[in-house]
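Each chain, written out:
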Amino acid sequence: AMMVPGGRLYDQREACCSAMDKIDDISYVKNSGAFYIFPKFNAEKHNITDDRKFAFDLLKAKHILIVPGSGFDWPEPNHFRVVMLPEAEKLHDAMLEIGDFLDTYRQ
């Protein structure tokens, strides 16, 4: 019941995805029941060669904690993991902040 319209996880996922839909540099596969999502960003455009540095720079600049894709043995520095357990509004705002960060970020 949590992954149907009006369910807590459904609302959190929708808030996260609706924000990512507004960010040109992020793509994702919408999950159907997990507590996390694994977005892809345009690493070439931002000259990102170290996803751990990207995650740390984001934390310093925006106080948003993500897990770099390399933490899950992803071979390229172009993914990150978001845990979708915070409230929907906070998730939505955090994803928009990540998009704002990407607007000017270059490694």
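Residues numbered from 1 in each chain as written. Predicted model: local features only at pLDDT ≥ 70, side-chain atom pairs only at ≥ 80, totals over all residues. Heavy atoms only, no water.

**Quick notes on the nonpolar core**
By size, the foremost hydrophobic cluster in this structure holds 25 residues, and its most contacted members are Phe54, Ile66, Phe80, Val82 and Ile98. Those elements giving two or more residues to this core turn out to be helix H1 (8-20), helix H2 (51-62), strand E5 (80-83) and helix H3 (88-104). In terms of residue count, the dominant contributor to this core is H3 (six residues). Setting aside residues no more than four positions away along its own chain, isoleucine 98 makes contact with Ile26, Leu58, Ile64, Ile66 and Phe80. (Core = buried A, V, L, I, M, F, W, Y, C linked by side-chain atoms within 4.5 Å. Buried < 20%, exposed > 50% of the residue type's maximum accessible area, 1.4 Å probe, protein only. Helix = DSSP H or I, 4+ residues; strand = E, 2+ residues; numbered from the N terminus. Contact = heavy atoms within 4.5 Å.)

**Remarks on the pattern of salt bridges**
Applying the stated criterion across every chain yields a total of eight salt bridges. Put simply, aspartate 100 and lysine 62 hold a salt bridge, and the shortest N to O gap is 2.6 Å. In this pair, aspartate 100 sits in helix H3 while lysine 62 sits in helix H2, placing the two residues 38 residues apart along the sequence. Aspartate 100 gets classed as partly exposed once you look at its relative accessible area, which sits at 40%. Take lysine 62: its relative accessible area is 23%, and that puts it in the partly exposed class. Look at the salt bridges and you will find they share partners, linking Arg13, Glu14 and Lys30 into a network. (Salt bridge = Lys/Arg side-chain N within 4 Å of Asp/Glu carboxyl O.)

The quantities given are spatial measurements derived from coordinates; they are silent on function.
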